[in-house]
Amino acid sequence: MLLQQNWVSPHWAWQSLGKSFLLFVFLMLQTADLEARRGHQFVWKTGHWGRCVGDCGTGGVRSRAVWCTHAEGWTTYHANCHQKDKPESQRRCFKVCDWHLELFEWEVSGWDRCGLVPVAGSEVGAGACVTAQHGLQHRSVRCLQKLNRTVVANEICEYFTPQPPAEQACLVPCPRDCIVSEFSGWSECGTGCTKSLQHRTRAVIAPPLYGGAPCPNLTESRACGAPACPLGEEEHTYSLRVGSWGKCRLPHPKDVDLAGRTMQDFGWDSGERRTSGLQGYKPHHRPGEVEIGYQTRQVRCVRSDGKNMALSHCVQDPVPLTFKSCVIAKDCETSEWSPWGACLRTCGLGDLAPGFRSRRRAVRNVAVGAGKQCPELEEREACSAGGKELLQPCPRFAWRTSEWKTCQVSLLLDQQDAYHHKHVGLCGGGIQTREVYCVQITVEIGMHRLKEVTRPVDGKLCLGPAPSASQLCNVPCRSECVVSAWSAWGPCLHENCQEHHGRRGFRMRQRQVVVDPVGTPAGCPHLIESIPCEDRLCYEWIVSEGVCVTDHGKCGPGKRMLKAVCKNKKGEEVPHHFCSELPHPEVVACEIPCATDCVISEWSLWSPCSHSCSSKNAEGSQSRSRSILALPAEGGKACPPDRALQEHRACNDHPCVHFFWETSPWSSCSEATPVTALNATMNWSGDATCGVGVQTRKVFCMKSSSGQVTPKRCPESIRPETVRPCLLLCKKDCVVTPFSEWTRCPTACQPVNATAVKQSRYRIIVQDAANGGQACPDTLYEERECEDIPVCPVYRWKTHRWSHCVLVPDSVRQAVPGHSEACGHGLQSRAVTCLSEYNDSADVGDCMRWAGAMPSLVQECLVPCKDDCTFTPWSKFTACSFDCESTRSRRRSLTGRSRKRDKCQNTEVYPQVETELCPCEVFTSQPHGNWSDCIIGGGTSEPQLGARSPGDAKECGEGVRLRAIACYDKTGRLVEPSRCSSSGYIEESCTVPCPFDCKLSDWSSWSPCSSSCGPGVKVRSKWLKEKPYNGGRPCPKLDLKNQVYEAVPCYTECNQYSWVVEPWSPCKINSEQNSLHCGEGIQTRRVRCVSTAEDHGGETVPNALCNQAEIPNITQKCSLYCPSECAVSDWGQWSKCPQVCDPNIMQIRTRQVLRSSVNAKLCPEDSQMKPCILNQNCFQYQYNLTGWSRCQQVANATCGHGERRRLLSCRRSDGATVSMQLCQRLGLEKPVQTSSRCVVGCAVDCRLSAWSAWSQCSHTCGTGGQMVRGRSVVLRAAGEGRPCPEQLTQHRSCPVRPCYSWMLGPWSPCRLQGGQCGDGLQVRNLTCVVHDASVSATSKPVENALCGELPSKESVLQLPCSVPCPGDCHLTEWSEWSSCELTCINGRSFETTGRQSRSRAFIVQSPENQESCSGQAMETRPCSGGKCYDYLWKTSLWRDNVRTVWCQRSDGINVTGGCALRTKPAEVRLCSPPCRKPFSYCTQRGVCGCERGYTEIMRSNGFLDYCMKVPGLEDKKADVKTIAGKNKPVNSKMHDIFKGWSIQPFNPDGKLKMWVYGVSAGGFLIIVLLVFTSYLMCKKTKQHQSTPPQQKPLTLAYDGDIDM
């Protein structure tokens, strides 16, 4: 109970006190959790950046949306997200504009190597590779500014073109192992008993690729099978091994003390003492001074097994040097970098176009010895200009052209064609030209507008093809005004019928304009002529007669009523009151003959007037007549006399003079008061107009015979106007471009005595002056001398005296036996300083830049030993004579004790005179290369400037051809060609044949028109005068007579000539048969042919000119009615047939009864009818058009615009061409178009530009250099023009200048400097040679100064090398480069560049070093022209189920590697599972088969189950297939013994039967018994031995190996 209370008490306390605490903790946790959840549940989200908007360039801004979201995705207030984490919603950007297109471009690198891509769920390279694996390859894609190739943001380029892909799928070939060749043969073994190795090597053919296996060992070694040497009698060789030279170091300070002593000089007799020049060994030397130290090396004696031995084993004379003098290496010293220069930026585009700045440093001390050479002395880097200054945007360039010049026909004509040059006013096709030039386009700062600077710049700055500088054009041809014939004279009319009181009258005739004039100032002739007249009329009565009505009865006198109609002068009917003033009869007397009266016909029509006008000598008259139709009877009215049967009257009584208005040409358009009548839409020739002006002309009244008369004689109503409005053309001032910039003066400095350099500038006429505008300036080209050209500074090297010869310190030298004397080879140095032009001290860097290579600071020297021969210095060479065969010599003499030594007197060893040939200034030249093209103009000299016109250049005629020469001195060395010829060429005259065009004669005159009525053809021709040659214009197609014809249509009016008939004569009665002189008779008339032409109207012409088919009758039957007979009139005209002929419609004609008969006898018929039959009495008409003619041009035109015509005629339905008036009367619809414009193609000769200047030589020296000049096609040939020549470029060889170059000699063998093996040097010489740069060039050595500065890779003149000592491991020489091989997949090349390899194998010479020797080397290089190779397994034939398998390349080389191991054929043939079934064996194919006589029983899995005997098989072959029957040899006798057995030792499951075990046990016991018996028999002594008979072999059935 107590226990319980004690527990309850603390429990209560916890409950009471802990509740508030827990509540507090809970609240705190909730608050923190809310804060944390707020931080995690609300996040900022952003949208995509929008497009860049704003000003072009860096002033753009792009925006994006920013919002706050809950973790569950809903959007909330921005306050719920942390403001400090809020992403930016705006940022500056580069606004791309269209004009940026030419400033930026994508830069794309080449694809890198293809890398494998892991397939999902597998590792890279997993699985067997068959041909290739999938991979990816990458490349870098960057947006660059073109000007300075700086990287900018990709979106700038994406504005214009999409970003090129940066990766693509590719194929990686399967891994290929290293491929090596077969082993070489084994090397030979030594002859002694010393242990030695022989080796064989192989070379790398192809390196491992794409993760293939590395190369195997390239060397194999094996011990030679030499007998072991007896102990202590091993055969060894000894070699002197020299080590490598140590580092060059200064002597120890104690050596310096020694060096200060005087040393005895054994080279001089005088006993002088010389101080050895070791003063350079001071603790503090000057920076530019050369320090000479020494270096040493080790010399050891090694045995052939690699062990070091005492030097006494290797004694030789002389002993190799172990010390020598050397130069202490000093690196090149430079000054500190200068401060960076200003940021140079000529143009830019915001911050994306950085400029460049540079800095320099100078050389303080050059490198000495093996020190580091001088680094780059100038450095450039991109920079940002800083600040906010606006740079001019980078320029763009565009082609511009001047206006077209006037069209010139002469440019199309051959220059040699003198005929056309005589003619002025040529028209038709021509050529017009214009100037084409390049201008700069910039962008106005801030405005981003294109602004053009019209100043011309170099055409190379403009991209794209230039606009055409010439084109075909057309000059309009003049055409004269063509007018029609005059109409007939009209009636006499008032000038103005509204006001006709007191005004004059005129008779007029008119003509129309048929063809308007073009380009002729004269215009058309007058179109109206007039004649004053008195009987003027405005209106007249037109009277028609009615029927005659007798007064009494049926015959006798009566009255005829007249019907009058009032008409105006146009023939139109008007009201009667207009004619009220004119009297007109209303009734006229008439008479109807009675039966006994005389009958007279009606009056005929008035004949044509005999004259067109009246003069003093001739007046016009016309007549009419009537005839007696019937004689009177007695008591009747008598016939009138003959004179009453004819009437005459005057006609055309107006005088023969006529009057007309004549006008002068219109004046030019001039300013005047505004013309209100001008239509505002009036259009002129399309040129700009500047207001309205007037043109005036004078008007005269002309009399046809005597010239100008008073204006009153001409009708005022038709007076031409004297003033008309016109449009004023604007004045055009000449427009020229500003001058181009002056051509640049050279920025590089020029030598002091260089010739003056000129600079030039030009400007171009863009628009010629016109209409009184300002004229063009005279100066278009200016030239001046360059100013302020920097002059090259002059610096020179100054060399000081050589120091004394410095030898190795005594302490070093005396440590070596036999080298106690201070003599031998050493080094001596000198100071070299730089001097300015004024002999002031200058920096070394200035001389290195301006004075060439620095003279050497160190040279080898010799301190003679006491036993050496000493000589004086060589004397100067003796003078040379001018003879090229002479020689010169120099001398020296022995000094000191050398004069007494016999060996020094030997002049063969120690020559004291040297002789050489004198330099010879005789040069010979040899022609080199081919002859140049024939050059016309600009031969060896350069062409003059300013020859801008393509027509100026001469294209043919006399020229020169050049051949370069090579100049050689007497020794055969190439020298400057100026030594042999001033120009370096042989010149020879030549001729370029000029082209001659086809020449034809002028056109002949036109033939007469082939038709006399209607359309026909007229022809003209011209014939060949000269054939074309040398590329001249070809001839047109000629006929067999070498002529060319032109036929054009022509038209002859059908009524030019017409038949005119006179009245019929009185009817002539045959009086012999008729006494009454009445009845049937004949009457005649005259018919004549007259011309209807205007100027010869009415003239009688020969009858042959009129149409003979239409000639009228000249005789006809007639009747003179007897008294009291019925008299009828003549037949009237046949009525007209309808327009469409119809036989059902009749044609009718009638006649009237003039007098009835007395005796009531019937009158003859008074009407006749006939049907309208087509082409008999009824005709149809239609307009007919000829075909289009060829394009016709006026006489002065050669080509261009012309006109083709077709002619209109009227054709009758029977095919006859008749007068056009017949078709016009019918009102038929006329075809509209009878002419159309056409174009005759111009024969345009090819036009070429002038030849350019000769280019620089393609080679700076040597043979094979070419200079080229070219020309371009300005206008391509067209039509039958001369074609462009094939040769648009001309070449000529350059003069053969000598090439001077440093030539490296071959590497010497490894020089060990006294040793037999070890470390040495390979050296090669650097020689200055002259050659002609040809393939077969022979190089000849010359002075080093001609080659100039030494090549920078001077260190390659010597290389460390080593000669292995006997027993050393060493690398072989490099193998030959393998053939070039491409990586291929299925025989197709996978790459364009192949690979080839070479290798070095490691050779082990001593068995003791075999373990420590390792390493081999391989090199691979790219190559071109490679092939694809296949690698295939090859096998030999099986021998005892074994064969050889090897890999072979497709070119027949046996290799190791390259063939896939998974496809390697088996080398040993084994059957799996083994063939253990009875009568089975392993076949050549590696499967189990059965012996002959047994057939295979196979399981379902394809393996052999058992062999079953073929039933009934005797000696015949079984019909079932057996495998073993062909290949397995069987003992035929044993087979015969056992073949009939039926007892089988095996169960069907292949197990032996029980009886076989019993037989086997019995057989074993028999064998034991036989062996024991044989043993007992062999124990008998002196047993007679005899050869047992040969036993036959026993053949057992066995299922194992066949060779048992």
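Residues numbered from 1 in each chain as written. Predicted model: local features only at pLDDT ≥ 70, side-chain atom pairs only at ≥ 80, totals over all residues. Heavy atoms only, no water.

Caption draft 1: Seen up close, the overall build of the protein chain. Looking only at helices and strands, one finds 10 helices and 104 strands in the protein chain. Here the protein chain holds 1604 residues, and the buried ones make up 29% of them. Counted over contacts in the protein chain with a minimum sequence separation of 6, partners at least 24 positions apart contribute 69%. Of the accessible surface of the protein chain, which amounts to about 103,000 Å², a share of 53% is contributed by carbon and sulfur atoms. (Helix = DSSP H or I, 4+ residues; strand = E, 2+ residues; numbered from the N terminus. Buried < 20%, exposed > 50% of the residue type's maximum accessible area, 1.4 Å probe, protein only. Contact = heavy atoms within 4.5 Å. Areas by Shrake-Rupley, 256 points an atom, 1.4 Å probe, with all protein chains shown as cover.)

Caption draft 2: Quick peek at the sheet that holds strand 68 (residues 1057-1061). An order of 68-71-72 is seen for the three strands of this open sheet, with the pairing classed as antiparallel. Two strands close off the open sheet at either side, each with one partner strand: strand 68 and strand 72 (1100-1101). (Pairing = 2+ DSSP bridges.)

Caption draft 3: Molecular detail of unusual backbone geometry. In the Ramachandran plot, N839 falls in the positive-phi region, its phi being about 65° despite a non-glycine side chain. Here N839 falls in the partly exposed class, since its relative accessible area comes to 47%. We note that A1333 has phi near 65°; this positive angle belongs to a residue other than glycine. The topology assignment puts A1333 in the loop between strand 89 (1326-1331) and strand 90 (1340-1341). Taking relative accessible area as the criterion, A1333 reaches 39% and is therefore assigned partly exposed.

Caption draft 4: Just the side chain of R359, in detail. Inspection of the secondary structure puts R359 in strand 25 (residues 355-360). At a separation of 2.7 Å, a polar atom in the side chain of R359 contacts the side chain of E379. Beyond its immediate stretch of four places on either side in the chain, R359 contacts W337, S338, P339, W340, L377, E378 and E379. (Polar contact = N/O pair within 3.5 Å; in protein donor to acceptor, adjacent residues only side chain to side chain.)

Caption draft 5: Inspection of the nonpolar core at higher detail. Counting residues in hydrophobic clusters, the biggest one holds 17 residues, and the most contacted among them are W797 and L857. Every element with two or more residues in this core is listed here: strand 57 (832-835) and helix 6 (844-850). With sequence-adjacent residues up to four places away left out, L857 is seen in contact with V290, V366, V368, W802, Q828, S829, R830 and V832. (Core = buried A, V, L, I, M, F, W, Y, C linked by side-chain atoms within 4.5 Å.)

Caption draft 6: Highlighting the state of the cysteines. One pass over the full model with this rule turns up 51 disulfides. The disulfide partner of C332 is C374, and the gap between their sulfur atoms is 2.0 Å. The sign of the 90° torsion about the S-S bond sets the C332-C374 disulfide as right-handed. Residue C332 is located in the loop between strand 23 (323-327) and strand 24 (333-334), and its partner C374 is located in the loop between strand 26 (363-365) and strand 27 (378-383); the two are separated by 42 residues in the primary sequence. Taking the relative accessible area as the measure of exposure, C374 reaches 27% and is therefore partly exposed. (Disulfide = S-S within 2.5 Å.)

Caption draft 7: Representation of the side chain of R560 in the model. With respect to the helices and strands, the residue R560 is situated in strand 39 (residues 556-568). Residues in contact with R560, not counting those within four places in the same chain, are E545, G546, V547, C548, E586, V587, V588 and C590.

Caption draft 8: Highlighting the sheet that holds strand 15 (residues 204-206). Ordered in space as 15-13-100-99-98, the five strands form an open sheet in which the pairing is antiparallel. This sheet does not close on itself; its edge strands, each paired only once, are strand 15 and strand 98 (1431-1435). Taking the axes of each pair of neighbouring strands and ignoring which way they run, one obtains an average angle of 50° across the sheet. Of the pairings in the sheet, the one linking strand 13 (residues 179-181) to strand 100 (residues 1454-1456) comprises two bridges and is antiparallel in character. Across the sheet, residue V180 finds its bridge partner in strand 100, namely T1456. (Axes fitted to C-alpha atoms, helices over the stretch in contact; angles between N-to-C directions.)

Caption draft 9: Expanded view of the pairing of strand 39. The pairing of strand 38 (residues 539-550) with strand 39 spans 10 bridges and is antiparallel. By the bridge assignment for strand 39, T550 is matched with G558. In textbook terms, the turn of a hairpin is the stretch between consecutive antiparallel strands, and for strand 38 and strand 39 this stretch comprises five residues, one of which, G553, has a positive phi near 75°. Strand direction decides the pairing type here: strand 39 and strand 40 (residues 587-592), joined by six bridges, are antiparallel. Its bridge partner lying in strand 40, K559 is registered against A589.

Caption draft 10: How the structure looks around the pattern of salt bridges. Inspection of the entire model under this criterion finds 31 salt bridges. Close ionic contact of R62 with E155 constitutes a salt bridge, the shortest N to O distance being 3.9 Å. Here R62 is found in strand 3 (residues 57-63), whereas its partner E155 is found in helix 2 (residues 154-158), with 93 residues between them in sequence. The exposure class of R62 is buried, given its relative accessible area of 14%. We note a salt bridge from E647 to R624, for which the minimum N-O separation is 2.9 Å. (Salt bridge = Lys/Arg side-chain N within 4 Å of Asp/Glu carboxyl O.)

Caption draft 11: Main features of the packing of aromatic side chains. In the structure shown here, the tally under the stated rule is four aromatic pairs. An angle of 35° between the planes, with centres 6.1 Å apart, marks the rings of F871 and Y910 as tilted. Linking F871 in the loop between strand 58 (858-863) and strand 59 (887-891) with Y910 in the loop between strand 59 and strand 60 (913-917), this pair joins segments that are 39 residues apart in sequence. Relative accessible area serves as the criterion here: at 25%, Y910 is assigned to the partly exposed category. Centre to centre, the rings of F1479 and Y1494 are 4.2 Å apart; their planes meet at 10°, and the pair counts as stacked. Separated by 15 residues along the polypeptide, F1479 in the loop between strand 100 and strand 101 (1480-1482) and Y1494 in strand 103 (residues 1494-1498) bring together distant segments of the chain. The residues F1479 and Y1494 share a single accessibility class, namely buried. Here K1509 stacks its cationic end above the ring of Y1494, 5.6 Å away from the centre of that ring. (Phe/Tyr/Trp six-rings, centres within 6.5 Å; stacked < 30°, edge-to-face > 60°. Lys NZ or Arg CZ within 6 Å of the ring centre and 35° of its normal.)

Caption draft 12: Fine view of the confidence of the model for the protein chain. On average, residues of the protein chain score 79 in pLDDT, and 83% of them reach the 70 mark or higher. Taken as a whole, residues 1-17 scores under 50 in pLDDT and shows two contacts with residues more than four places along the chain or in a different chain. Low pLDDT (under 50) marks residues 1515-1542, which in the prediction has 35 contacts with non-local residues, meaning those over four places away or in another chain. (pLDDT = per-residue confidence, 0-100.)

Caption draft 13: Here's a closer look at the environment of T237. Inspection of the secondary structure puts T237 in the loop between strand 16 (219-223) and strand 17 (238-242). Each C-alpha atom of the pair T237 and V302 lies 8.5 Å from the other, and the pair is 65 residues apart in sequence. Setting aside residues no more than four positions away along its own chain, T237 makes contact with V302, R303, S304 and P1366.

Caption draft 14: Looking closely at the environment of A589. Looking at the secondary structure, you find A589 in strand 40. Sequence separation of A589 and R560 is 29 residues, and the distance between their C-alpha atoms is 6.0 Å.

Caption draft 15: Examining the environment of C1384 more closely. By the element assignment, C1384 lies in strand 93 (residues 1384-1385). With residues up to four places along the chain from it excluded, the contact list for C1384 reads S1389, F1390 and C1428.

Caption draft 16: Inspection of a nonpolar patch on the surface at higher detail. Together, V482, V514 and V515 give the surface a local cluster of nonpolar side chains, amounting to about 220 Å² of exposed area. Its place among the elements puts V515 in strand 36 (residues 513-515). Relative accessible area serves as the criterion here: at 36%, V515 is assigned to the partly exposed category. (Patch = residues over 30% accessible without salt bridge, like charges linked within 9 Å, V, L, I, M, F, W, Y side chains within 5 Å.)

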